[in-house]
Amino acid sequence: MTTRARLTLYSALASALAMLGLSPLLRPEGWLLPTLGQVAVVALVGAALRRFGTPRPLVPAGQLVVALYLLVLGSVGPSMTFGVLPLRPALHDFAALLTGAPNDIANYAIPAPATPSLRLLLIGSVALVAVLVDALAVTYRRAALAGLPLLALYSVGTGLAGSQTGALWLWFLCTGGGYLMLLFAEGRDRLSRWGRVFRGTGATETGGGLSTGGHLTGILTLVGALLIGGIVPAWDGLDLVNGGGFGNGGTGGSGHGSINALNPVVSLADGLRRPENQVVIRYHGTDPALRTAYLRTTALDDFNGTDWQPGNQPANSVPDPIPAPEGLDKSVSAAPMTTDVSISDSLSSQWLPVPYPLQKAELKGDWRYEPESGSLIGAKSQKSNGMRYTVTSLDVGPTADQLRQAPAAPGPVLQKYTQLPANLPGVVRTTAQQVTDGAATDYDKAMALQTWFTVTGNFVYSPSVDPGTGPQAIAKFLQDKRGFCVHFAATFAAMARSLGIPARVAVGFAPGDDLGGGNYQVGTKDYHAWPELYFSGVGWTRFEPTPSRGVAPAYGAPAPVTTPTSTAQQPTATPTGGDTAAPSAGASCAPQLRRQGGCPDQNLATPDLVRSTDRGLPVQLIVALAVTGAVLLLAATPMLWRRRLRRRRLGEGRRRPGGPGGGGLTEAQVLAAWQELIDTAWDLGIPPDESLSPRNTVARINEAGQLGERGRAAAGRVALATERALYARDPGPSTPLGPDVRTARESLRAAAGRRRRLRAELLPPSTARVFWRVGDAVRSRRERAAASAGRLRERLIAPLRRSKG
């Protein structure tokens, strides 16, 4: 194996090993195989371009072009015209995937599901790193600098995964080992440039001690770094993942700090859309109230104009006991109930699901309590996987009269929890006013909204709708009247805020299956979201606007004082004159919804690939065969050119009249036969050495290729004829050299391995002479052009010189 081939192989291997550090980021890990394919293709394209003498800057450019094409083909292949051409439809879908990646990053926790956008992001990142490593280590021979992109790839993967994987040491060894192998290969190349390395059997072997010492030093350094990293304690002072503050979520002191959490809405939608109902929580308790108790994870109280999100709340150490919820009056029934909860290993969440509101929590791990939302949130990278804990909660049971008679909420609560974004369409407020027309109290308005969503509004539950909670998504939900719990809860809360009622969105699980004996279980189909409204004397109170889902609370009977008008029973979602228009079914369709085929206008568009099916299968088949034939022809070009050149050089043993000696070969024919012998040896792994004489060249070929008697004699006759043609005053007659060249070629092929023979046929290295000739022609033309320009300049300047003289 040549040095360049060895460096190419080790560069690809180093990139593939560093890529393993990204494996904890996505589940399932099916993206790894196409990523390995990208790394292999990058290496092969680079090797091919370098073999044919491509200028160095064009090698990584060509690799990037091929890698980008494969990314487009692998991610949006069905959108490509005729299945192979990345035209406008494919580029549009590809751009949609790219723009969807930041949203998926913001919405999913690690390990995230392997969405098309995240797969594209990871595969493309690894391909880019592979191009950089190959360019630095092989094209520009700067293997040491290739460690920078490898380090970046390793740091991103392990930095994001954190303690989610226990194999950090393995990823470190893989990345470091790949980098060391690349350095060893490059060091061997540098040593070989000093001359031929002879390997002896004694202690004084040239270069052997240095090589062994270098390998030992590298391995000891790698192992030492691994051991030191395991001994030195981790520094938690700077948290780059959770906001970049100091001491956030520390274990000592009061534990104050802010923990910025991911939006759980997308995880909820992902759970509801799974084909199977996987059990994720089991819990036990003797209180009958558990049969209708919701397991709440957190509350989304920040309606920021883009979507509902968890606010940036202070997170404190879990108090014992936990203070009673804000605003809960002693006259309201609030019986304590104890629940033992067991989380499966498949549920990874920053929050712990518990019945709300909490009174006491017995749990292990680094967990914090958010007083405003009443949630338990993990500090740093603490997750819920496999957790077992016991909590005591309050079964708050206000009556309808207590809620109806509740006084106005405190000023700070009203100010914070009635805020609405400026871009909220006016149709939201208008519809809320129409639905609650005639309702006298906040409770009656809330019940009117709940009745409209569940009974009179003709809404349809559909988990296939895009899980958006922003202003435009709410307006579209009011128009289409299709969605799932997220849409009902977010729209209910937004409409309540528009009526001056403090509201937020709670996320968690609806009541699970009753297994008997106080045992319950919750599956992924029980993911749920619901609105919570604030009532003085009661606190945050749950409502259930999602039809056929969840359990309505005991105080959720229709308010008898509310008599909706005919307008309120079926309000229109069409805005009035001064309101912002709701989006149409086809306007601003989200990329994620478009990928799922949920855009109403999607069936109207007819991409080129679909239109081609109308013309029948033969058109696609013909195009596919034509493209395949073109690719095969391009791949076979070096082989065909080499065979044609061989026949032309040897001339099938024919003499040319008028040559030296009357009937012999011309000098050009002799040199052509000699060149064919040199190129044959080159194709079979013996590169040419222009500094040697023909006789010494044959000796070198015989030593490296083991010609045998017949082959050595035939090659000797070709060398002798070449020396005569080059140096003799009268070369004399020369017998045909074609048979001798073929005899030598057969001897070389017999001694070469199967791999070298196959490479000599398919990718003969001697085809590089084509590029050399092109380069020589271009250089010659440049020199002639420069000489012509110089002569022209002299002619123009000469009269001026004579006039000055």
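Read on for a plain summary of the structure.

Parameters at a glance
- Residues numbered from 1 in each chain as written.
- Predicted model: local features only at pLDDT ≥ 70, side-chain atom pairs only at ≥ 80, totals over all residues.
- Heavy atoms only, no water.
- 1 Å grid on protein atoms, 1.4 Å probe; cavity = no way out; pocket = protein on both sides within 12 Å on 5 of 7 lines; lining within 4 Å.
- Points joined across faces, edges and corners; volume = space filled by probe spheres on them.
- Helix = DSSP H or I, 4+ residues; strand = E, 2+ residues; numbered from the N terminus.
- Nonpolar A, V, L, I, M, F, W, Y, C, P; charged D, E, K, R; others polar.
- Phe/Tyr/Trp six-rings, centres within 6.5 Å; stacked < 30°, edge-to-face > 60°.
- Buried < 20%, exposed > 50% of the residue type's maximum accessible area, 1.4 Å probe, protein only.
- Core = buried A, V, L, I, M, F, W, Y, C linked by side-chain atoms within 4.5 Å.
- Contact = heavy atoms within 4.5 Å.
- Pairing = 2+ DSSP bridges.
- Salt bridge = Lys/Arg side-chain N within 4 Å of Asp/Glu carboxyl O.
- Expected span 1.5 Å × (residues − 1).
- Polar contact = N/O pair within 3.5 Å; in protein donor to acceptor, adjacent residues only side chain to side chain.
- Patch = residues over 30% accessible without salt bridge, like charges linked within 9 Å, V, L, I, M, F, W, Y side chains within 5 Å.
- Areas by Shrake-Rupley, 256 points an atom, 1.4 Å probe, with all protein chains shown as cover.
- Axes fitted to C-alpha atoms, helices over the stretch in contact; angles between N-to-C directions.
- Parallel < 35°, antiparallel > 145°, perpendicular 65-115°, else oblique.
- Left-handed = near helix turned anticlockwise from the far one by under 90°.

## Focus: empty space enclosed by the protein
- Using the criterion set out here, one finds two cavities of 30 Å³ or more in the structure.
- Considering only enclosed or pocket space, the largest cavity measures out at about 60 Å³ in volume.
- Considering the residues around the largest cavity, the lining is formed by Arg-642, Arg-646, Thr-680, Asp-683, Leu-684, Arg-745, Arg-749, Ala-760 and Glu-761.
- Those elements that provide at least two residues to the lining of the largest cavity are helix 19 (617-650), helix 20 (667-683), helix 23 (738-751) and helix 24 (754-762).
- Looking at side-chain class alone, the lining of the largest cavity contains two nonpolar, one polar and six charged residues.
- Taken as a whole, the second largest cavity holds about 30 Å³ of empty space.
- For the lining of the second largest cavity, the elements supplying multiple residues, two or more each, are helix 1 (3-19), helix 2 (32-51) and helix 5 (116-139).

## With respect to the packing of aromatic side chains
- All told, the structure shown has 18 aromatic pairs when counted by the stated rule.
- Centroid distance Trp-452 to Phe-459: 5.0 Å. Interplanar angle 85 degrees. Geometry classified as edge-to-face.
- According to the relative accessible area criterion, Trp-452 is buried, its value standing at 2%.
- Aromatic pair Phe-459 and Phe-488: ring centres 5.7 Å apart, planes at 65 degrees, arrangement edge-to-face.

## Considerations on the nonpolar core
- Ranked by size, the top nonpolar core spans 44 residues in total, and within it Trp-308, Val-428, Phe-453, Met-495, Leu-533 and Phe-543 carry the most contacts.
- Counting residues per element, the ones that place at least two in this core are helix 12 (426-435), helix 13 (442-456), helix 14 (471-480), helix 15 (485-498), strand 16 (503-509) and strand 19 (527-535).
- The element contributing the most residues to this core is helix 15, with ten residues.
- Apart from residues lying up to four places away in sequence, Val-428 is in contact with Ile-474, Leu-478, Ala-494, Met-495 and Ser-498.

## Concerning the pairing of strand 18 (residues 519-523)
- Within strand 18, four of the five residues are buried, which leaves it mostly tucked inside the rest of the structure.
- One ladder, built from five bridges, connects strand 3 (residues 279-284) with strand 18; its direction is antiparallel. Paired with Arg-282 across the strands is Gln-521, a residue of strand 18.
- The hairpin formed by strand 17 (residues 513-516) and strand 18 contains two residues between the paired strands, and Gly-517 there has a positive phi angle of roughly 70 degrees.

## So, the pattern of salt bridges
- Under the counting rule described, the total for this entry stands at 16 salt bridges.
- Shared partners join several salt bridges into a network, and the residues in it are Arg-643, Arg-745, Arg-749 and Glu-761.

## Considering helix 15
- Here helix 15 spans 20 Å end to end across 14 residues, near enough to the 20 Å set by a 1.5 Å rise per residue.
- Where burial is concerned, most of helix 15 is hidden: 14 out of the 14 residues are buried.
- Positive backbone phi, at 85 degrees, marks Gly-500, one or two positions downstream of helix 15.

## What to know about helix 1
- Helix length check: helix 1, at 17 residues, gives a terminal C-alpha distance of 24 Å against a target of 24 Å (1.5 Å per residue), a fit within 8%.
- Of the positions making up helix 1, those classed as buried are Arg-6, Leu-7, Thr-8, Ser-11, Ala-12, Ala-14, Ser-15, Ala-16, Leu-17, Ala-18 and Met-19.

## A few points about the side chain of Thr-436
- Considering the arrangement of structural elements, one finds Thr-436 in the loop between helix 12 and helix 13.
- Among the polar contacts made by the side chain of Thr-436, one reaches the main-chain carbonyl oxygen of Ala-432 at a distance of 2.7 Å.
- Look past the residues within four positions of Thr-436 in its chain and what remains in contact with it is Lys-445, Ala-448, Leu-449 and Leu-499.

## A short note on unusual backbone geometry
- Cis geometry marks the peptide bond from Asp-320 to Pro-321; its omega dihedral reads 0 degrees.
- Structurally, Pro-321 can be placed in the loop between strand 7 (316-317) and strand 8 (333-343).
- Going from Tyr-356 to Pro-357, the amide bond is cis rather than trans, its omega being 0 degrees.
- Tracing the backbone through its elements, the reader meets Pro-357 in the loop between strand 9 (354-355) and strand 10 (358-362).
- At Asn-458, a position not held by glycine, the phi torsion is positive, near 60 degrees.
- Tracing the sequence through the fold places Asn-458 in the loop between helix 13 and strand 14 (460-461).

## Side note on the sheet that holds strand 11 (residues 367-370)
- Strands sit in the order 7-11-12 across an open sheet of three strands; the sheet is antiparallel. Across the chains shown, the open sheet's two edge strands, defined by having one partner strand only, are strand 7 and strand 12 (375-378).
- Examined bridge by bridge, strand 11 and strand 12 share four bridges and lie antiparallel to one another. Bridging across to strand 12, Arg-368 finds its partner in Ile-377.

## Notes on a nonpolar patch on the surface
- On the surface, Leu-64, Leu-128 and Leu-132 cluster together to form a nonpolar patch covering roughly 250 Å² of accessible area.
- We classify Leu-128 as partly exposed; its relative accessible area is 43%.

## So, the packing of helix 21 (residues 694-705) against helix 22 (residues 708-727)
- Interaxial distance between helix 21 and helix 22 falls to 8 Å at its minimum, and their mutual angle equals 160 degrees. By the angle between their directions, the pair helix 21 and helix 22 is classed as roughly antiparallel. The chirality of how helix 21 crosses helix 22 is right-handed. Together, Pro-694, Arg-695, Val-698 and Asn-702 of helix 21 and Gly-708, Arg-712, Ala-715, Gly-716, Ala-719, Leu-720, Thr-722, Glu-723 and Tyr-727 of helix 22 make up the contact between the two elements.
- Looking at the contact of helix 21 with helix 22 residue by residue, the class counts come to six nonpolar, four polar and three charged.

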